[in-house]
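The lines below spell out each chain.
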Amino acid sequence: MFYAIISEDVANSLPLRKKIRPAHLARLEALHSEGRLLLAGPHPAIDSEDPGEAGFTGSLVVAEFGSLEEAQAWADTDPYLTGGVYAHVVVKPFKKVLP
C-alpha cells in the first residue's frame, strides 16, 4: 500500500536542508530503485519553482511500504527529521486514484 509522508520544516530550515540533502536524497533514490516511490518533493515557501533563499516549508513523499508501521519507521529515520529540518511529520495511508 502507498503511504503519504507529510513533513513540516522548522523555521529557517534552508541551511540545514542544504547540509543534509545528500543523505535525504540517497534514501529516496533507494525507494525509487526498488520501484516503491510514487513521488517526492518539497513545498516551496513562495509560489515559485525555485524559491531561492525563501526556502521550503516542508515535503511530501508518497511511497509503497508493507504497513503503516514500516512507513512510520522509515519516516522516523529520515535525515531531515533526525537532523532537525523537520519539526513535524505525519504518515497516512494513501490510495492512488488518478492518473
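Higher on the page you've got the structure.
Basis of the calculations
Residues numbered from 1 in each chain as written. Predicted model: local features only at pLDDT ≥ 70, side-chain atom pairs only at ≥ 80, totals over all residues. Heavy atoms only, no water. Helix = DSSP H or I, 4+ residues; strand = E, 2+ residues; numbered from the N terminus. Contact = heavy atoms within 4.5 Å. Phe/Tyr/Trp six-rings, centres within 6.5 Å; stacked < 30°, edge-to-face > 60°. Buried < 20%, exposed > 50% of the residue type's maximum accessible area, 1.4 Å probe, protein only. Lys NZ or Arg CZ within 6 Å of the ring centre and 35° of its normal.

Asker: Hey, could you go over the environment of threonine 57 for me, with residue numbers and the actual values?
Answerer: Note that threonine 57 resides in strand E3 (residues 56–64). Sequence-wise, threonine 57 and phenylalanine 94 are 37 residues apart; in three dimensions their C-alpha atoms are separated by 21 Å. Beyond its immediate chain neighbours, meaning those up to four positions away, threonine 57 contacts Ser7, Glu8, Asp9, His43, Pro44 and Ala45.

Asker: Account for the packing of aromatic side chains, naming residues and giving values.
Answerer: According to the stated counting rule, one finds three aromatic pairs in the structure shown. When the ring of phenylalanine 65 is compared with that of tryptophan 74, the centres are 5.8 Å apart and the planes differ by 50 degrees; the resulting orientation is tilted. An identical accessibility class is assigned to phenylalanine 65 and tryptophan 74; each is buried. Each member of the aromatic cluster is reached from another via a ring pair, and the members are Tyr3, Phe65 and Trp74. Geometry around tryptophan 74 places arginine 27 over its ring, the cationic atom sitting 4.1 Å from the centre.

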